[in-house]
Amino acid sequence: MACHGIPDLKPEWLGASGKTAEKMNLLTLQHKMKIDPEGYETELSLLYKHFDSLLFLFQQQSALSFSSINGDPTVSKDLGDMAMFLAHVTPYYPTQLSDYPSKLADLLRTSAKSLPSSLRCHLTKALILLINRKFVDIGETLGLFMELQILGDRVLRKDAFSHVIHSIKRMNQKHKNETQNRPLQNILFSMLQEEDEAKAKRALIVLCDLHRRRVWFDERTANAISTACFHPSSKIMNAALSFLLCFEKIEEADDSDVDSSEDEKNPQVVLQREDVYKANHKGTLASKKKKQAKLQRAIRSMKRQQRANSEKDTPNYYSPLNHLTDAQGFAEKLFSRLQTCNERFEVKMMILKVIARTVGLHRLILLNFYPFLQKYVQPHQRDITELLASAVQACHDMVPPDAVEPLFRQVVNQFVHDKSRTEAIAVGLNVVREICLRIPLLMTEDLLQDLVLYRKSHEKAISTAARSLITLFREVCPSLLVKKDRGRPTNPKARPKAFGEVDIASNVSGLELLQNDDGEGDSGEDEENVGGDSDTSMFDNEEGEATVTTGDAHAQLSMEDDETEESDVGLDDDNESDQSEEEESDSEEEDEDGGEAEEQENSNKLKRKLSDYAGELNADTSLRALKRIAESTRKFESSDLTDGILSNEDFKRIKELKAKEGAKLALGQHGLLRKGAEAKSPGFKIPSSEELSLKRVNPSVLETNIRRKMTKEERLELVKAGREDRGKYQARAAIKQKKSGGTSNKQKEHKKNMPLVAKRAKIVRSRQERKRLNRIAGKQFRGRKAWK
């Protein structure tokens, strides 16, 4: 075959002129050209011209008709083999083949749709080989590889997709290459916004895979994926919604796999009260010591595990919804689409879950969302537990209780009543508990007392849910419970925060633990410095009141805004009596301790300042003045305790003390702290609103302890699982005969020598038995002989 004066060359067999007379194929020639590039420049020029002729012929045939290409597969095969050959030898001839990569890319870009499948795959692999060897930049060919993925060829789509992912991953392997990432991201973002469903789908798949692999783990990619929820195509919207929902499930599955592997190495320690009782009250002294030592090792292991868990609980949580630039606008726009869309129920549920997750994660206010959920809250509703979990997720302390109260009442009325099923009552009580954990102001005293009565139910799921509700309100607001249900709360006067009330941290978190830890050994020195006189003292109690005590009189200064004028008048009378009693006590002290006045001068600075402030108190004192007095005295006290600067060692000590508190809480939950003040530690720790917003509500938690009827397949699996550790069935006699390893305890008992008294008793019994038998032996009727 010749074209335009080019001689007839067969790529299967070529003569290596000047080297050897034998013929060789392309693979052998490729190997020899890599060994000696300079000696095969002539063959390279001939083969490159042959490639141009094949390409020209192919283009001419494709311009005429497609039937000739399909009818003559040798043309496409020769062109594909030649393209792969030139791609392999390009690194050894960069100047001679400088225009080959661009020629190959232009061929795929212009006529990829008209190429046969095999030739298209060969040309794509050749171009990938050149890109991997850095002869072509990925930025120039990213659009081409995204176009190749929508041609409908499964093999080509897989190769192009894996090449794009691995190229970008390799580019960001050592460090994040932002200069090259930005142009590539712009290409994919623009494709994602196109109305063409195929292009947008492939762009979304690439972005999601790179984000899941943590290659493009930034805000721009997360926002681009989130904006795909508003794509006109329902398929693109469904894919984006499912990724946003399943990303957290993927992360949780990875964490659970890590935890399970660690648990296999370090199994969880389970302690019970019986173990503690046996270690202290059962057995001999030596066995008690062994049990106590084993118990201490178990407790230390529990503390280590609790400390490790507390370190794991550090905020390393991530979700693509965390980095929404306009979370409120995203939620409102998605909710408007939910109200107007005509999609099937599964799609509506996905939109609803994403809205609830966004509202809970960013603590947004979307008041129309709760009435929308209310019409779906029915026990017979499809996927009701997932819907209730979304409702719980959308509740937080920034939502007005009036907006959630209709939904809350709907859950109680539809699920928790005597005619409802066991599963519905248990799920309803669990939902009430989770909502009250986030918005405790929704619960009233009458409603709580009605719900608490379900603790006497014979169904475990219902009684457990009711008891968990009691446990919650023992910590949140014990006054709503009946006295017998309160138990021993740590703070009997606890109450939920009012709507909009926020605790502003004035110190480092955990500083009180450090002060208590340091103050245990220094309390005596502080009392000596003050002089040991407790007539005058000042402290800030938990309710925000500053109390000034002089002698036997007490004047309480309320620092709340709802202080009345009657309390001010009462303070005036008390202050006059305080002044008179203070003068009398001062005169008595001067007579008795006149010689020690100079020694106590420095130690009574605090008392003198407080007495000066107490002298200024009268009925005309304003609330602002009282606050100023309290702040100044608090500053004086804090200056005596510390200089206000914490070192790295202090922060490490605070971390250790927090871990110890967590370990004590874990031991208290297992009932292992039975003595001292530590035994009264709460068994339930209320998480903060930030922790609740970060954690995803699992629908299976709402169905805990609910017994369901197993299917036949599940019963068979359970039976087979029970047979795994059991050996083949055999009779006892066969097992005894096969027994090896010594005699049994019964056999050993037969060989023991009987005591002398037992032997004599046995002899006496046997003698008496023989006499009895002899006595009745002659009286037996033996029958009449037949032959007489």
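A brief structural summary.

Calculation criteria
Residues numbered from 1 in each chain as written. Predicted model: local features only at pLDDT ≥ 70, side-chain atom pairs only at ≥ 80, totals over all residues. Heavy atoms only, no water. Core = buried A, V, L, I, M, F, W, Y, C linked by side-chain atoms within 4.5 Å. Buried < 20%, exposed > 50% of the residue type's maximum accessible area, 1.4 Å probe, protein only. Helix = DSSP H or I, 4+ residues; strand = E, 2+ residues; numbered from the N terminus. Contact = heavy atoms within 4.5 Å. Phe/Tyr/Trp six-rings, centres within 6.5 Å; stacked < 30°, edge-to-face > 60°. Lys NZ or Arg CZ within 6 Å of the ring centre and 35° of its normal. Patch = residues over 30% accessible without salt bridge, like charges linked within 9 Å, V, L, I, M, F, W, Y side chains within 5 Å. Areas by Shrake-Rupley, 256 points an atom, 1.4 Å probe, with all protein chains shown as cover. Salt bridge = Lys/Arg side-chain N within 4 Å of Asp/Glu carboxyl O. Lys, Arg positive; Asp, Glu negative; His and termini not counted. Charge placed at Lys NZ, Arg CZ, Asp CG, Glu CD. Axes fitted to C-alpha atoms, helices over the stretch in contact; angles between N-to-C directions. Parallel < 35°, antiparallel > 145°, perpendicular 65-115°, else oblique. Left-handed = near helix turned anticlockwise from the far one by under 90°.

Things to note about the nonpolar core
Ranked by size, the top nonpolar core spans 159 residues in total, and within it L86, Y100, M443 and F473 carry the most contacts. With eleven residues, the single largest contributor to this core is helix α16 (residues 345–362). Not counting chain neighbours up to four residues away, the residues in contact with Y100 comprise Y48, F51, A83, L86, A87, T90, A126 and L130.

Focus on the packing of aromatic side chains
In this structure the tally under the stated criterion is eight aromatic pairs. Ring centres of F335 and F369 lie 5.8 Å apart, and the angle between their planes is 80°; this geometry places the pair in the edge-to-face category. Of this pair, F335 sits in helix α15 (residues 327–340) while F369 sits in helix α17 (residues 369–374), placing them 34 residues apart in sequence. According to the relative accessible area criterion, F335 is buried, its value standing at 5%. A centroid spacing of 6.1 Å and a plane angle of 70° characterise the contact between F369 and Y370, whose relative ring orientation is edge-to-face. According to the relative accessible area criterion, F369 is buried, its value standing at 0%. Y370 gets classed as buried once you look at its relative accessible area, which sits at 1%. Positioned above the aromatic ring of F230, the side-chain terminus of K333 is 4.6 Å from the ring centre.

Observations regarding a positive patch on the surface
Taken together, the side chains of K294, R297, R300 and R304 present a region of like positive charge at the surface. Among the secondary structure elements, K294 is positioned in helix α14 (residues 285–312).

Observations regarding the packing of helix α5 (residues 100–111) against helix α6 (residues 117–132)
Look at α5 against α6: their axes get within 10 Å of each other, and the N-to-C directions meet at 140°. Here α5 is positioned oblique relative to α6, judged by the angle of their axes. The interaxial crossing formed by α5 with α6 has left-handed handedness. Across the interface between the two elements, Y100, P101, L104, A105, L107 and L108 of α5 pack against R120, L123, T124, A126, L127 and L130 of α6.

Everything listed here is a matter of geometry and, on its own, says nothing about what the molecule does.
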